[in-house]
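# Remarks on the overall topology
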Amino acid sequence: MPVTTRFPPSPTGYLHVGSARTALFSWLYARKHGGRFVLRIEDTDRERSSEESVQAILDGMNWLGLDYDDGPYFQTQRMNRYQEVIDQLLNGGHAYHCYCTREELDEMRAQQRARGDKPRYDGRCRHRNQSPQDTHPVVRFKNPLDGNVVFDDLVKGRIIISNNELDDLIIARSDGTPTYNFTVVVDDMDMRITHVIRGDDHVNNTPRQINILKALGVELPRYAHLPMILGADGKRLSKRHGAVGVMQYRDDGYLPQALVNYLMRLGWSHGDQEIFTRQEMIELFDFSSVQRGSAVFNPEKLLWLNYEYIKAGTVEEIRDHARWHFENAGIDIDEQANWEEVFRVNQQRSKTLLELVDRSLFFFREIDDYDAKSVKKHFKGQAGEILIEFRGQLERLDPWEPEHIHLCLHHLAERRSIGLGKIAQPLRIAVAGVAVSPPIDETLAILGKEQVLRRIDAAVNYINTMM
Ligand code: GLU
């Protein structure tokens, strides 16, 4: 059977980065083995599930580049199939109706507690041969009474659970709806899943699921339970630790390949290597290198990786991911003649795409306001006069290249016996609106002579009205 993995999120919120890592590992494993990757939406909890969440999952998968070969399946569309398998189990003697009332169950548990036993269903309806009138029974799976469930987890190693720890699981509620552990089993069986890769918060479900699969007479999948992802405080990663939704990272200016690379390394390693291409990830991924202990989410490391990916990306790649952010800032990046040069000077210094956009905007649009702090600090003394003199020299400058602009700047500083900053800072405010920019010679070169002269004129006017 070809390797088949699945990702079965419940659509009850955004796509959590922890789930995204599970999806990634499942995807990698399928890709590595030339297998199938199935997407299944576990939406049976109708109250907590929503359309928007389904969309967030699809968007997240798409953004991360985790393509699926099959699906998305929706559990709510498979209800007839679950009913069919419930009937099959009932007819085969592997399941039975349980008529116990809440009161009866409460009393049973109270007695067990009083005896010092662990509360669990004692199977009393297994042998009930008369069905009480007017009651809606649940359906319980007949768990084996003795023996062990043994499985070799691909991450955790051999796991042995005694059947007397497991009671008869409810597989259908009294309203007929199937329960979580049961739908997973039917789906994994029908979708011919060979490798169940999921968070280790599900490890306790596995022996129950194995027993049901055995009763259905199907071959068992292999299991790989991934250690949890924790925040720096050792608690399970949640909103308290910062962004946990995949699409939030897009909004915050991360590149999907940086997040994928980060998630890959979270609990998995290959020597000291930190940066992996997609192809390397697929080739190198294996469960033997997944760590057994939980992994700690480190936002600084993710930011560092993002920075590395932005620096290393081609301008085209970066543009494709930044296009949407520019759009949000009112700029159509495809309309900008000098976008490549702008990216080249900014890529090396931007940790996120938002930073890149922020640093690039003044190249693409007029300055509508000057930064108050910069103005206070640098638009004073002889700033106006210096700008006018420098403008005169720039106007005659030919060719309009960074080296020539650089020389021009040095000459003026020398002649006036002033520091370079006395020219460069007012100049920056004039062209960028704020006293920060890439190297000023490159900045002016990219902006072009006409723009620069115009912006200097506007700044000089502004300074004059200030005085
Ligand atoms: N819907 C479950 C979850 O989101 C998936 C469990 C599984 O992988 O079996 O946790």
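Residues numbered from 1 in each chain as written. Predicted model: local features only at pLDDT ≥ 70, side-chain atom pairs only at ≥ 80, totals over all residues. Heavy atoms only, no water.

## Brief notes about the overall build of the protein chain
Rule in force here: Numbering of helices and strands runs from the N terminus, with a helix taken as a DSSP run of H or I at least four residues long and a strand as a DSSP run of E at least two residues long. Values of the radius of gyration come from C-alpha atoms, whereas the globule rule sets the reference at 2.2 Å times the count of residues to the power 0.38. Under the scheme applied here, a residue whose accessible area is under 20% of the maximum for its type counts as buried, over 50% as exposed, and between as partly exposed, the area being computed with a 1.4 Å probe on protein chains only. We call two residues contacting when some pair of their heavy atoms lies within 4.5 Å. Per-residue and other accessible areas were derived by the Shrake-Rupley procedure at a 1.4 Å probe size, with only the shown protein chains allowed to occlude residues.
Helix and strand content of the protein chain: 19 helices and 12 strands. Here the C-alpha radius of gyration of the protein chain, 32 Å, is well above what a compact globule of 467 residues would show, namely 23 Å. Dimensions of the protein chain along its principal axes, counting C-alpha atoms only, are 105 × 45 × 40 Å. Burial analysis of the protein chain (467 residues in total) assigns 50% to the buried set. Considering only contacts within the protein chain whose residues lie at least 6 apart along the sequence, 75% involve residues at least 24 apart. Summed over its atoms, the accessible surface of the protein chain is roughly 22700 Å², and 47% of this surface lies on carbon and sulfur atoms.

## Details of a positive patch on the surface
To keep it simple, the criterion reads: Within this analysis, patches are made of residues with over 30% relative accessible area and no salt bridge. Like charges are joined at 9 Å or less; nonpolar side chains (Val, Leu, Ile, Met, Phe, Trp, Tyr) at 5 Å or less. Think of a salt bridge as a Lys or Arg side-chain nitrogen and an Asp or Glu carboxyl oxygen that are within 4 Å of each other. Asp and Glu are treated as the negative residues and Lys and Arg as the positive ones, with His and the ends of the chain left uncounted. Every charge is mapped to an atom, namely NZ of Lys, CZ of Arg, CG of Asp or CD of Glu.
A cluster of like positive charges, contributed by K376, K377, K380 and K422, occupies part of the molecular surface. One can find K380 in the loop between α14 (372–378) and α15 (383–396).

## Description of helix α18 (residues 440–447)
In terms of residue burial, α18 counts as a mostly covered element, since seven of its eight residues are buried. By the burial criterion, the buried members of α18 are I440, D441, T443, L444, A445, I446 and L447. Lining the buried residues of α18 we find α12 (339–347), α13 (353–364), α15, α16 (402–416), α17 (421–432) and α19 (449–466). At the C-terminal side of α18, G448 shows a positive phi close to 90 degrees.

## Regarding the sheet that holds strand β5 (residues 138–141)
What counts is decided by this rule: A pair of strands counts as paired when DSSP detects no fewer than two bridges linking them. Helix axes are fitted to C-alpha atoms over the stretch in contact, other axes to C-alpha atoms as well, and angles between N-to-C directions run from 0 to 180 degrees.
Strands sit in the order β4-β5-β8 across an open sheet of three strands; the sheet is antiparallel. The open sheet has two edge strands with one neighbour each: β4 (95–98) and β8 (170–172). This sheet shows a mean twist of 45 degrees between the axes of neighbouring strands, independent of strand direction. Pairing between β5 and β8: two bridges, direction antiparallel. Residue pairing for β8: R140 is matched across the bridge by I170.

## Focus: the site of the ligand
Counted only if it meets this: Being near a molecule or strand, for a residue, means having at least one of its heavy atoms within 4 Å of it. N or O atoms within 3.5 Å of each other form a polar contact, as long as, within protein, one can give a hydrogen and the other can take it, and as long as residues adjacent in sequence are counted only when both atoms are side-chain atoms. Each residue is assigned to one class: nonpolar for Ala, Val, Leu, Ile, Met, Phe, Trp, Tyr, Cys and Pro, charged for Asp, Glu, Lys and Arg, and polar for all the others, Gly among them.
Surveying the vicinity of the ligand reveals the residues R6, P8, P9, S10, E42, Y180, V184, R198 and H202. Here a nitrogen atom of the ligand and a side-chain polar atom of E42 are 2.6 Å apart. Contacts to the ligand include H202, whose side-chain N or O atom sits 2.8 Å from an oxygen atom. Burial of the ligand by the protein amounts to 82% of the accessible area it has alone, namely 300 Å². The class makeup of the residues in the shell around the ligand is four nonpolar, two polar and three charged.

## Remarks on the nonpolar core
Formally: What is meant by a nonpolar core is a set of buried Ala, Val, Leu, Ile, Met, Phe, Trp, Tyr and Cys residues, joined one to another through side-chain atoms within 4.5 Å.
In this structure, L394 and L444 are the most contacted members of the largest nonpolar core, which totals 105 residues. Counting residues per element, this core draws most heavily on helix α1 (residues 17–32), at nine residues. Beyond its immediate sequence surroundings of up to four residues, L444 is in contact with F390, L394, W400, I405, L427, V431 and V452. In this structure, L166, I210, L213 and L216 belong to the second largest nonpolar core, which totals 28 residues.

## Remarks on the packing of α12 against α13
Note the following rule: For this classification, under 35 degrees means roughly parallel, over 145 means roughly antiparallel, 65 to 115 means roughly perpendicular, and everything else is oblique. Here a crossing is taken to be left-handed if its near helix is turned anticlockwise relative to the far helix by less than a right angle, and right-handed if that turn runs clockwise.
Packing of α12 against α13 brings their axes to within 10 Å, and their N-to-C directions diverge by 140 degrees. Considered as vectors, α12 and α13 are oriented oblique to each other. Seen from above, α12 lies across α13 with right-handed handedness. Facing α12, whose interface residues are W339, V342, F343, N346 and Q347, α13 presents L356, R359, S360, F363 and F364. For the contact of α12 with α13, the residue count by class is six nonpolar, three polar and one charged.

## Some thoughts on the pattern of salt bridges
One side chain can pair with another of opposite charge once the charged atoms of both are near each other. On inspection of all chains with the given rule, the structure shows 39 salt bridges. Of the charged contacts in the structure, one is a salt bridge between R31 and D69, with a shortest N-O distance of 3.1 Å. One end of the pair, R31, is in helix α1; the other, D69, is in the loop between α2 (51–64) and β3 (70–74), and 38 residues separate them in sequence. Salt bridges linked by common partners bring R6, R40, E42, R78, R81, E84, D187, D188 and D190 together as one network.

## Description of the packing of aromatic side chains
Heads up, the condition is: Geometry of aromatic contacts follows a simple scheme: Phe, Tyr and Trp rings, the Trp one being its six-membered ring, pair when their centres are within 6.5 Å, and the pair is stacked under 30 degrees between planes, edge-to-face over 60, tilted otherwise.
Here the structure, examined in full by the defined rule, presents 16 aromatic pairs. Ring geometry for Y249 versus F297: centroids 6.5 Å apart, planes at 55 degrees, classification tilted. Here F297 lies in the loop between β12 (295–296) and α10 (299–312) and Y249 lies in helix α7 (residues 246–251), a separation of 48 residues in the sequence. Note on accessibility: Y249 and F297 belong to one class, buried.

## Side note on unusual backbone geometry
Glycine aside, the phi torsion of most residues is negative, and most peptide linkages are trans. The residue after G71, namely P72, is reached through a cis peptide bond having omega 0 degrees. Structurally, the position occupied by P72 is in strand β3. Residue P399 follows D398 across a cis peptide bond; omega there is 0 degrees. Residue position: P399 is located in the loop between α15 and α16. Although it is not a glycine, R192 sits at a positive phi angle of roughly 50 degrees. If you trace the backbone, R192 turns up in the loop between α5 (180–190) and β9 (195–199). Phi is positive for S417, which is not a glycine, with a value near 50 degrees. In this structure, S417 sits in the loop between α16 and α17.

## Examining the side chain of N306
For N306, the position within the fold is in helix α10. Excluding residues that lie within four positions of it along the chain, N306 makes contacts with G253, Y254, L255, A258, K351 and T352.

## Focus: the environment of F362
The residue F362 is located in helix α13 in this model. The spatial distance from the C-alpha of F362 to the C-alpha of G433 is 7.5 Å, given a sequence separation of 71 residues. Filtering out sequence-adjacent residues up to four positions away, F362 remains in contact with I367, V431, A432, S437, P438, T443, L447 and R455.

Nothing here speaks to function; it is geometry throughout.
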